[in-house]
Amino acid sequence: MTRAAIFGAGSWGTAFAQILADAGAERVVLWARRPEIADGIRDRRRNPDYLPEIELDPVVTATTDPAEAAAGADLVVLAVPSQTVRANLAEWGGHLPTDVPVVSLMKGIELGTGLRMSQVVEDGGVAAERIVVVTGPNLSREIAARQPAASVVAGADHAAADRVAAACMTPYFRPYTQTDVVGAELGGAVKNVIALAVGMAEGLGYGDNTKSSLITRGLAETARLGQALGADPATLMGLAGVGDLIATCMSPLSRNHRVGVALGQGQSIEQVLAVPHQTAEGVKSCRSVVELGASQDVEMPICQGVTAVVAGQITPERLTGELMTRARKHERH
Ligand SMILES: NC(=O)C1=CN([C@@H]2O[C@H](COP(=O)(O)OP(=O)(O)OC[C@H]3O[C@@H](n4cnc5c(N)ncnc54)[C@H](O)[C@@H]3O)[C@@H](O)[C@H]2O)C=CC1
Ligand SMILES: O=C(CO)COP(=O)(O)O
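All chains use their own residue numbering, which begins from 1 and follows the written sequence. Lettering of chains starts at A and numbering of ligands starts at 1, both following the order in which they are written. Confidence filtering applies because this is a predicted model: local features only for residues at pLDDT of at least 70, side-chain atom pairs given and counted only at 80 or more, and all residues used for totals across whole chains, interfaces and linings.

Quick notes on the site of ligand 1
No. 1: Only the C-beta atom matters for nearness: placed from the backbone, it must lie within 6 Å of the molecule or strand for the residue to count as near. Around ligand 1 sit 24 residues in total, of which Gly10, Ser11, Ser140, Gln278 and Thr279 are the nearest.
No. 2: Per element, the largest residue contribution to the shell around ligand 1 is 3 residues, and it comes from helix 1 (residues 11–22).
No. 3: Residues belonging to the shell around ligand 1 are distributed by class as follows: 9 nonpolar, 12 polar and 3 charged.
No. 4: Residue ranges assigned to the domains are those given by an automatic or database domain assignment. Here the shell around ligand 1 spans two domains, and each of domain 1 (3–179) and domain 2 (182–324) adds at least three residues to it. Helix numbers and strand numbers start at the N terminus; a helix is a DSSP run of H or I with at least 4 residues, a strand a run of E with at least 2. Residue type decides the class: Asp, Glu, Lys and Arg count as charged, Ala, Val, Leu, Ile, Met, Phe, Trp, Tyr, Cys and Pro as nonpolar, and the leftover types, Gly among them, as polar.

Looking at the pairing of strand 6 (residues 131–135)
No. 1: Among the 5 residues in strand 6, 5 count as buried, and that is most of the element.
No. 2: Neighbour density around each residue's C-beta defines its exposure: 20 or more other C-beta atoms within 10 Å make it buried, 12 or fewer make it exposed, and counts between make it partly exposed, where C-beta atoms are placed from the backbone. A two-sided burial pattern is seen for strand 6, the buried positions comprising Ile131, Val133 and Thr135 on one face and Val132 and Val134 on the other.
No. 3: Strands qualify as paired when DSSP identifies two bridges or more between them. Of the pairings in the sheet, the one linking strand 5 (residues 102–104) to strand 6 comprises 3 bridges and is parallel in character. When the sheet's bridge partners are listed, Val103 is paired in strand 6 with Val132.
No. 4: Note that the unit made of strand 5, helix 5 (residues 117–123) and strand 6 has a crossover that is right-handed.
No. 5: Here strand 6 runs beside strand 7 (residues 149–155); their pairing, made up of 4 bridges, is antiparallel. By the bridge assignment for strand 7, Val133 is matched with Ala154. Handedness of a crossover: with both strands directed away from the viewer, a clockwise path from the first strand across the helix to the second marks it as right-handed.

Some points on the site of ligand 2
No. 1: Near ligand 2, the surroundings consist of 14 residues, among which Asn138, Leu139, Ser254, Arg255 and Asn256 are the closest.
No. 2: Secondary structure elements with two or more residues in the shell around ligand 2: helix 8 (181–203), helix 11 (239–250) and helix 12 (255–264).
No. 3: Partitioning the shell around ligand 2 into residue classes produces 4 nonpolar, 6 polar and 4 charged.
No. 4: Here the shell around ligand 2 spans two domains, and each of domain 1 (3–179) and domain 2 (182–324) adds at least three residues to it.

Structural data, given as structure tokens:
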């Protein structure tokens, strides 16, 4: 029976705690940054800020002490924002057990280094064969409501991925194992940027043809990047690619989608981010995705345009015009 430590008590960390508990975990300890979050989970079995509608199973508890969270864990899960995980690991990585799978739930590319999350975790001292990525069309609010969803559990070591998949399989959460960590992570990171673009289109008042065109051409950008970086194209046609792209781009529950809608409606990025909201990874990862693409000579016009809108350099209207008037070309190029 699993004894898990989940670092990050936001939406996905909290929903994943419920998954592990429903899958039969003996104990799940959430590490929270803020004491009021840990107190709510420990004393009232509710996270007061993230998915407060879930009454957490009694096996779920919480602490702000990383050593206490990690003690005795046979599974470690990381669920903090992509851009903070390096600093987080430097702070509390020394407390992590050295011989158990470490799961990354994060979907992003690190700014400045262009590294995928598993590479950042590896830099933090975790051996590659212990790192497992969980990704796919998994909007936390739907998972919290125990609505059926499938997911990808990818590890360079299939046995580690299989161990994690066994620990998180429930009647509403169906994990498929994978060894293509590169494809799984790229799918999860790039779809957030495409969801910003689709949200912008919605905010501008455009309908489903526009959104479908952006999703499909966004997939083409992801596939080109994946090919350059050694991903298996089949991974991007699966749950981690197409699956997550559809969920995130189409759902009003997606934070990236919602940020895109607000930008499309004419708000500035400062106005959008001034409203307290949860992590919309694409806002930061758009730049690192474009830089990663440029380092491989991969053209990513939608991601480039989103980055320019987020930087305040162009408006969503102008992005539409620029994308629509690019030189004609073969669909597969
Ligand atoms: N929410 C969702 O539906 C899903 C989210 N993800 C990914 O999971 C990762 C985490 O996202 P969410 O839990 O949704 O975000 P969230 O915004 O709901 O929660 C983030 C958590 O990290 C904490 N945090 C913020 N700054 C921190 C710092 N400097 N150090 C330590 N902790 C910090 C926050 O207090 C909060 O507990 C992201 O990479 C996201 O893309 C993946 C699949 C689904
Ligand atoms: O990754 C997600 C769904 O799979 C969550 O999307 P958002 O981060 O845009 O809410």
